[in-house]
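Remarks on the overall topology
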Protein chains: 2
Amino acid sequence: MADDPRSDKITPVILCGGSGTRLWPLSRAASPKQMLDLTGGGTMLALTAARVGNHALFNPAIVVAGEDQADAIEAAMAGIGSLVLEPCPRGTAPAILLGALEAERDSGPEQLILVLPSDHLIDDVEAFNAAVSRGIPLARQGWLVTFGMAAGRPDTGYGYIERGEALADGVHQATRFVEKPDAATAAGFVADGGFDWNSGIFLMKTGAYRDALGHYAHDLLTLGELASGHRREGIRVHADAGAFARCAAVSIDVAVMEKSDKVAVVPVAAGWSDLGSFAALAEVLAPDADGNVLEGDALAIGAKGCLVHSDGPTVVAIGVEDLVIVATRDAVLVVPKDQSQRVREAVEALKQAGREDLL
Amino acid sequence: MADDPRSDKITPVILCGGSGTRLWPLSRAASPKQMLDLTGGGTMLALTAARVGNHALFNPAIVVAGEDQADAIEAAMAGIGSLVLEPCPRGTAPAILLGALEAERDSGPEQLILVLPSDHLIDDVEAFNAAVSRGIPLARQGWLVTFGMAAGRPDTGYGYIERGEALADGVHQATRFVEKPDAATAAGFVADGGFDWNSGIFLMKTGAYRDALGHYAHDLLTLGELASGHRREGIRVHADAGAFARCAAVSIDVAVMEKSDKVAVVPVAAGWSDLGSFAALAEVLAPDADGNVLEGDALAIGAKGCLVHSDGPTVVAIGVEDLVIVATRDAVLVVPKDQSQRVREAVEALKQAGREDLL
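First, a word on what this report is: a plain description of the structure on this page. Note that the coordinates shown come from a computational prediction; the quantities given were computed from them, not determined experimentally. (Residues numbered from 1 in each chain as written. Chains lettered and ligands numbered in written order. Predicted model: local features only at pLDDT ≥ 70, side-chain atom pairs only at ≥ 80, totals over all residues. Heavy atoms only, no water.)

**A closer look at the relation of the copies chain B and chain A**
Applied cut-off: Superposing copies: least-squares fit, C-alpha atoms only, residues required to have pLDDT of at least 70 in both. Contact definition: two residues touch when any of their heavy atoms are within 4.5 Å.
Note on the identical chains: chain B maps onto chain A by a rotation of 180° and an axial translation of 0.1 Å, with an RMSD of 0.0 Å. Interpreted geometrically, this transformation is the action of a two-fold axis. Within chain B, the C-alpha atom positioned nearest to the axis of rotation is that of Arg329 of chain B, 3.9 Å from it. Residue by residue, 100% of the interface of chain B is reproduced at the interface of chain A, so both copies engage with the same surface.

Printed below as a string of structure tokens:
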């Protein structure tokens with residue numbers, strides 16, 4: 001193993017399976033959030049790939065995605081190592097397992113993987129890379145390393161990780177995972193100072209992940225190994241649909257991270273956002289003097305604190321405050337910024353109404 | 001004259017010159033408010049024409065409009081007597097003069113005309129007709145008869161007429177005209193009870209109007225007579241552009257009604273609205289249980305008191321209150337209901353920006 005240069009490098013595993021209903025009507029089934037250019041710098045997937053594009057440090061990326069996204073991803077992204085295709089969505093634990101098994105195929109269970117959601121923003125890539133470097137020695141020792149993003153506000157849209165004792169310089173044992181808390185709990189976490197946002201980014205040996213699954217989610221491991229690498233076609237790797245469908249649909253947090261006592265957290269302030277709502281998107285875009293972010297053919301008259309985005313019609317906002325207004329050729333959304341997570345209700349209502357043309 | 005049956009009937013003069021920027025983006029230069037079906041019952045112009053369609057009482061209508069609207073009006077409306085075309089917009093006093101001169105062409109100065117804006121709503125046509133009947137004897141005596149609509153609220157978007165002594169059953173001398181007042185003044189008028197909204201509807205002999213103009217706006221009368229009937233082409237009557245352009249741009253209220261002491265007002269409760277803003281439009285449309293009016297492909301989720309209208313994209317309003325949201329194929333407007341008169345600022349801004357495509 002030591003002779004294989006691949007194992008000294010990290011293999012990025014980019015999770016590209018999200019449907020991104022939270023940014024409807026921009027995100028659609030055919031153009032999920034990771035395929036959108038939300039910040040003017042390229043698609044979220046392209047930004048994610050660029051983040052791990054240094055070939056001195058990283059092997060070619062493994063992208064894990066749904067079958068229906070394969071063509072779009074291949075068209076949009078050069079230099080993919082493998083494009084691992086999920087026959088159906090089963091959450092992050094099975095998806096990461098498919099990626100991990102593909103990563104260790106040539107280089108064995110000591111291979112480090114860096115699991116990255118494809119639709120998050122990281123403003124300060126240097127700070128992030130430094131955090132990854134701090135995590136490497138622990139990951140090599142078999143720790144499941146998470147990255148805790150500085151919790152700048154009591155956001156109830158994120159999960160939180162509690163820092164325990166220091167394991168190394170800038171690396172702590174993770175003592176608790178809390179899924180999206182209520183407002184009071186989130187405020188308590190921020191006041192306490194001992195909690196970071198759970199970024200969904202992980203650094204670990206493929207073997208360490210398999211070991212953890214074997215311990216806490218044995219059936220998932222068995223079924224995932226059975227499904228993995230079923231059929232190869234160029235860079236595409238198809239999983240077996242029958243076996244994969246029988247995997248429990250579960251997140252890596254629930255399957256492993258919340259249970260294992262070998263989880264580390266590397267705190268990092270890197271300007272991270274999951275852009276999980278229009279409010280989160282508005283946070284990272286530069287507002288004008290009235291606090292408005294105007295994108296595309298948009299005009300604000302006496303409006304304040306609004307995000308107005310158009311891919312289609314001219315949008316004029318007059319005298320409104322703290323609204324999200326998003327217009328495309330075929331759909332318009334208007335919602336208060338602080339209720340922007342309710343976009344999911346719109347998607348659900350349109351689904352119920354059979355409006356697949358809009359989804 | 002008594003032998004001419006025309007003079008026993010009233011000639012409607014329908015004013016069709018408004019550009020209707022207050023309902024942008026529904027109303028445009030090429031499709032002004034009077035050409036829109038805002039209530040589901042037909043265009044405002046068609047509703048206005050139907051109101052005076054009883055041939056036992058009314059002669060064929062004279063429509064006064066801008067040159068650029070001639071084709072649209074002829075295509076939309078059958079049975080027009082004359083289509084009098086203004087070379088340029090000069091306000092209601094000159095427009096009504098052109099209509100009056102056309103009306104008296106065959107039947108002389110005793111001819112009664114009923115001047116009607118083409119873009120107002122009258123819910124109770126019977127009540128309105130009864131009011132017109134009450135006004136006829138006074139109009140025949142030479143009074144300029146106005147119709148005072150029951151002021152149901154202290155609206156600052158309307159002008160007000162003060163009722164003086166009774167001239168006949170249900171007809172009063174008009175003692176004061178007040179243009180759009182401030183909120184306190186409007187509240188005082190409504191509390192007083194002696195004021196009605198100025199509907200911009202007038203009943204008078206053509207000769208009486210000419211006499212009043214001769215007294216209070218002599219130049220306008222001279223220039224209007226010079227411009228009138230310059231060129232005839234089927235039902236179209238073109239005014240002379242040079243003479244008409246020299247007419248003062250002035251409303252009939254300012255030119256005559258505010259000055260003459262021979263003005264009567266017939267109070268009437270007829271469910272009238274000038275639909276002069278989206279708030280006014282929302283007032284006359286039936287809201288659902290949440291107070292929303294949804295027109296076209298519109299969906300409300302937890303929204304209250306909104307007017308959501310789409311001629312184009314699907315519009316989804318989530319959690320917003322008392323907003324006007326109007327979407328067309330090429331433009332979207334979002335404005336609080338109580339600021340909907342600010343739509344004019346949008347039209348002005350688009351004009352400044354050279355966006356003629358949207359106007």
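**Comments concerning the pairing of strand S12 (residues 263-268) of chain A**
All names here are of chain A. What counts is decided by this rule: The rule is simple: take the accessible area with a 1.4 Å probe, protein chains only, and divide by the maximum for that residue type; under 20% is buried, over 50% is exposed, in between is partly exposed. Labels follow the DSSP assignment, with helices taken as runs of H or I lasting at least four residues and strands as runs of E lasting at least two, numbered in each case from the N terminus. At least two DSSP bridges between two strands are needed for those strands to be called paired.
Summarising burial for S12: five of the six residues are buried, a large majority. Sheet analysis places strand S6 (residues 144-150) next to S12, joined by six bridges and oriented parallel. Looking across to S12, one finds that Met149 is bridged to Val268. Pairing of strand S8 (residues 171-178) with S12, which is carried by two bridges, proceeds in the antiparallel orientation. Looking at S12, one finds that His172 is bridged to Val265.

**Focus: the environment of Asn54 of chain A**
Definition in use: Nitrogen and oxygen atoms within 3.5 Å of one another constitute a polar contact, given that in protein one can donate a hydrogen and the other can accept it, and given that sequence-neighbouring residues count only through two side-chain atoms.
With respect to the secondary-structure elements, Asn54 of chain A resides in the loop between helix H1 (44-51) and strand S2 (62-66). In terms of polar contacts, Asn54 of chain A uses its side chain to reach the backbone amide nitrogen of Ala56 of chain A, at 2.9 Å.

**Details of the nonpolar core**
Keep this limit in mind: The nonpolar core is taken to be a set of buried Ala, Val, Leu, Ile, Met, Phe, Trp, Tyr and Cys residues, with the residues joined through side-chain atoms within 4.5 Å.
The biggest cluster of nonpolar side chains holds 46 residues, and the ones touching the most others in it are Ile14, Val63, Ile73, Leu114, Phe128, Val145 and Phe147 of chain B. Residues within four places of Ile73 of chain B in sequence aside, it is in contact with Cys16, Met35, Leu45, Val63, Ala65, Ile80 and Leu83 of chain B.

**A look at the interface of chain B and chain A**
This is how the line gets drawn: In short, buried area is how much 1.4 Å probe accessible area vanishes from two parts on joining, totalled over both. A side-chain nitrogen of Lys or Arg and a carboxyl oxygen of Asp or Glu constitute a salt bridge if their distance falls within 4 Å. Residues are grouped as follows: nonpolar covers Ala, Val, Leu, Ile, Met, Phe, Trp, Tyr, Cys and Pro; charged covers Asp, Glu, Lys and Arg; every other residue, Gly included, is treated as polar.
Across the boundary between the two partners, chain B contributes 34 residues, which contact 34 residues of chain A. For the chain B and chain A pair, buried surface summed over both sides reaches about 2,300 Å², with 67% attributable to carbon and sulfur atoms. Linking chain B to chain A there are two salt bridges. Residues Arg355 of chain B and Asp297 of chain A are paired through a salt bridge, measuring 3.2 Å at the closest nitrogen-oxygen approach. In this structure, the connection of chain B to chain A is made through 16 residue pairs in polar contact (both at pLDDT 80 or more). Of all the elements in the fold, those that place two or more residues in the side of chain B that touches chain A are strand S15 (298-301), strand S17 (314-318), strand S18 (323-327), strand S19 (331-336) and helix H11 (343-352) of chain B. Top element by residues in the side of chain B that touches chain A is S19 of chain B. It accounts for six residues. Class assignment of the residues belonging to the side of chain B that touches chain A gives a composition of 23 nonpolar, five polar and six charged.

**Considering the sheet that holds strand S19 (residues 331-336) of chain A**
Test applied: In this analysis an axis means a line fitted to C-alpha atoms, helices contributing only their contacting stretch, and an angle means the value between N-to-C directions, from 0 to 180 degrees.
Taken in spatial order, the six strands make up an open sheet running S14(A)-S16(A)-S18(A)-S19(A)-S17(B)-S15(B), and their pairing is mixed. In this open sheet, the two strands that pair with only one neighbour each are strand S14 (293-295) of chain A together with S15 of chain B. Between one strand and the next, the sheet's axes are offset by a mean angle of 5°, whatever the strand orientation. By the bridge criterion, five bridges tie strand S18 (residues 323-327) of chain A to S19 of chain A in an arrangement that is antiparallel. Across the sheet, Val326 of chain A pairs through a bridge with Leu333 of chain A, a residue of S19 of chain A.

**Thoughts on the packing of aromatic side chains**
Here is the rule we go by: Between the rings of Phe, Tyr and Trp (Trp by its six-membered ring), a pair exists once the centres lie within 6.5 Å; its type follows the angle of the planes, with under 30 degrees stacked, over 60 edge-to-face, and the other angles tilted.
All chains considered together, the criterion is met by twelve aromatic pairs over all chains. Site record: aromatic cluster; members linked through ring pairs are Tyr158, Trp197 and Trp272 of chain A.

**Some remarks on the sheet that holds strand S16 (residues 307-310) of chain B**
Pairing in this open sheet of six strands is mixed, and the strands run S15(A)-S17(A)-S19(B)-S18(B)-S16(B)-S14(B) from one edge to the other. Looking along the sheet, the strands with just one partner apiece sit at the ends: strand S15 (298-301) of chain A together with strand S14 (293-295) of chain B. Between one strand axis and the next, the sheet turns through 5° on average, direction left out of account. Bridging between S15 of chain A and strand S17 (residues 314-318) of chain A involves four bridges; their strand directions are parallel. Looking at S17 of chain A, one finds that Leu299 of chain A is bridged to Val316 of chain A. Docked against the sheet, H11 of chain B engages S15 and S17 of chain A together with S19 of chain B, running at close to 130° with respect to S15 of chain A.

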